[in-house]
Amino acid sequence: SSEDADANDRSQIQCNPLVVDGVLYGTSAKLKLFALDARDGSALWTFDPFDGAFEQFGMGTNRGLAMYLSEDGRRLFYSAGDRLYAVDPENGSLISTFGESGSISLHKGLGAASADYFITSNTPGVIFEDLIIMGSRVSESTRAAPGHIRAFDVQSGEMRWIFHTVPLEGQEGAETWPDGAAKRIGGANVWAGFSIDHKRGIVYCPTGSAAYDFYGGDRVGENLYANCILALDANTGKKLWHYQTVHHDMWDKDLPIAPNLVTIKKDGKNIDA
C-alpha cells in the first residue's frame, strides 16, 4: 500500500505500470514514483517530487511512465505537476545531468506569455531513439497555454524540436486562424498520448480542441491543427500529413486516444494503416 489514499477525496491511481527485468515501476495517488519487486510486491525505493507537500504543489493523475534503454544505461521519465523528471531506475534518484538537476519545466519552448499558465502531462511521452516526445494537458478555459508538441534530448533535456499546433504567423495553417491567434489562443494539445512507427520514424499525434471549449467567436476559421491526427517526422517534428476530424470545434470533440497501428491483409497484400 502506498498509504496515499485520501478518505475525504476521490484519490485514485490511473498509472499503467512498467515491468522491466523483474521490477515494477508505477506511481501512487499522490504521484510518487515507486519501484517494487514484481515477484512479491516488496518496496525497493520511492521518489516524491513534491517532498511531502502534494496538497500544496501537486494535482491530477499520472497514466504511465516512459523508459529509455541504451548501452549507456536506463532512465525513467515521468511528469508530476508542471515538470518532467528523469529518474535512475536503480535507486530512484534524480539524474542531475538532465535539465535543471534532474527535471525540466513543461513550459519550455511555449513562450513568455504562457509562463504562468497551467500545464501538466498526465499521459507519458514516448521515446524515439534519443528523444522523448511530449504532449500536455492545458486549461480548457481562458488563459490556456498552447498545446505545442515538443521533443527533448533524453540526456540533456534540451528541446530538439517543436511543432506548433497553433501555427505561428507565416507557418502553414496560420491562415485557418484569426491574425495573432498564436499569441492568445491555447489548447490543440496532445493529452491522450502518441503512437510511434519506429521503422518509418513517424510519430502520430491526436490533438484536442482549441481553447476555450464551447466557444469559437475569438478563433474564426478551421483552426488547424486542433482536432487532428498529425503525422510528424519523429526526428525533426516536420509535418508529413494531417487529418482534421472536426473543423472549428465548439463541442470539445477531442481525439481521446492514440491511433492504433495495424496491418490489414487485402487481396493477398499486407497494407499498413
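Quick caveat, the model's predicted, so the values are computed rather than measured.

Colleague: Whenever I open this one, a nonpolar patch on the surface confuses me. Can you help?
Modeller: On the surface, a nonpolar cluster with roughly 390 Å² of combined accessible area is contributed by Phe 214, Met 250 and Trp 251. Within the fold, Trp 251 resides in the loop between strand E18 (239-244) and strand E19 (263-266). The exposed category is assigned to Trp 251, whose relative accessible area is 65%.

Colleague: Help me out: how do you make sense of the side chain of His 164 in this one?
Modeller: As for its placement among the helices and strands, His 164 is situated in the loop between strand E14 (159-163) and strand E15 (195-197). A polar side-chain atom of His 164 sits 3.3 Å from a polar atom in the side chain of Gln 171. In this view, His 164 contacts His 148, Gln 171 and Tyr 225; residues no more than four positions away in its chain are not counted.

Colleague: What should I look at first to understand the state of the cysteines in this one?
Modeller: Think of a disulfide as a covalent bridge from one cysteine sulfur atom to another cysteine sulfur atom. By the definition in use, this model includes zero disulfides. Unpaired in terms of disulfides, Cys 228 finds its nearest cysteine sulfur in Cys 205, a separation of 10 Å.

Colleague: Is there a simple way to explain the side chain of Thr 61 in this structure?
Modeller: By the element assignment, Thr 61 lies in the loop between helix H1 (54-57) and strand E5 (66-70). Once residues within four sequence positions are removed from consideration, Thr 61 is found in contact with Gln 12, Gln 14, Leu 31 and Asn 122.

Colleague: Help me understand the pattern of salt bridges in this model?
Modeller: Charged atoms that come close allow side chains of opposite charge to pair. For the coordinates displayed, the defined rule picks out 10 salt bridges. One salt bridge in this structure joins Arg 83 and Glu 100, with 2.9 Å as the shortest N-O distance. Taken as a pair, Arg 83 in strand E7 (residues 83-87) and Glu 100 in the loop between E7 and strand E8 (103-105) lie far apart in primary sequence, 17 residues in all. Measuring nitrogen to oxygen at the nearest pair gives 3.3 Å for the salt bridge that ties Asp 130 to Arg 160. Taken together, the residues span a long stretch of sequence, with Asp 130 in the loop between strand E10 (126-128) and strand E11 (131-134) and Arg 160 in strand E14 at a distance of 30 residues. With relative accessibility at 42%, the residue Arg 160 sits in the partly exposed group. Counted as one network, the salt bridges with shared partners bring together Asp 130, Asp 153 and Arg 160.

Rules and cut-offs
- Residues numbered from 1 in each chain as written.
- Predicted model: local features only at pLDDT ≥ 70, side-chain atom pairs only at ≥ 80, totals over all residues.
- Heavy atoms only, no water.
- Patch = residues over 30% accessible without salt bridge, like charges linked within 9 Å, V, L, I, M, F, W, Y side chains within 5 Å.
- Areas by Shrake-Rupley, 256 points an atom, 1.4 Å probe, with all protein chains shown as cover.
- Salt bridge = Lys/Arg side-chain N within 4 Å of Asp/Glu carboxyl O.
- Helix = DSSP H or I, 4+ residues; strand = E, 2+ residues; numbered from the N terminus.
- Buried < 20%, exposed > 50% of the residue type's maximum accessible area, 1.4 Å probe, protein only.
- Polar contact = N/O pair within 3.5 Å; in protein donor to acceptor, adjacent residues only side chain to side chain.
- Contact = heavy atoms within 4.5 Å.
- Disulfide = S-S within 2.5 Å.

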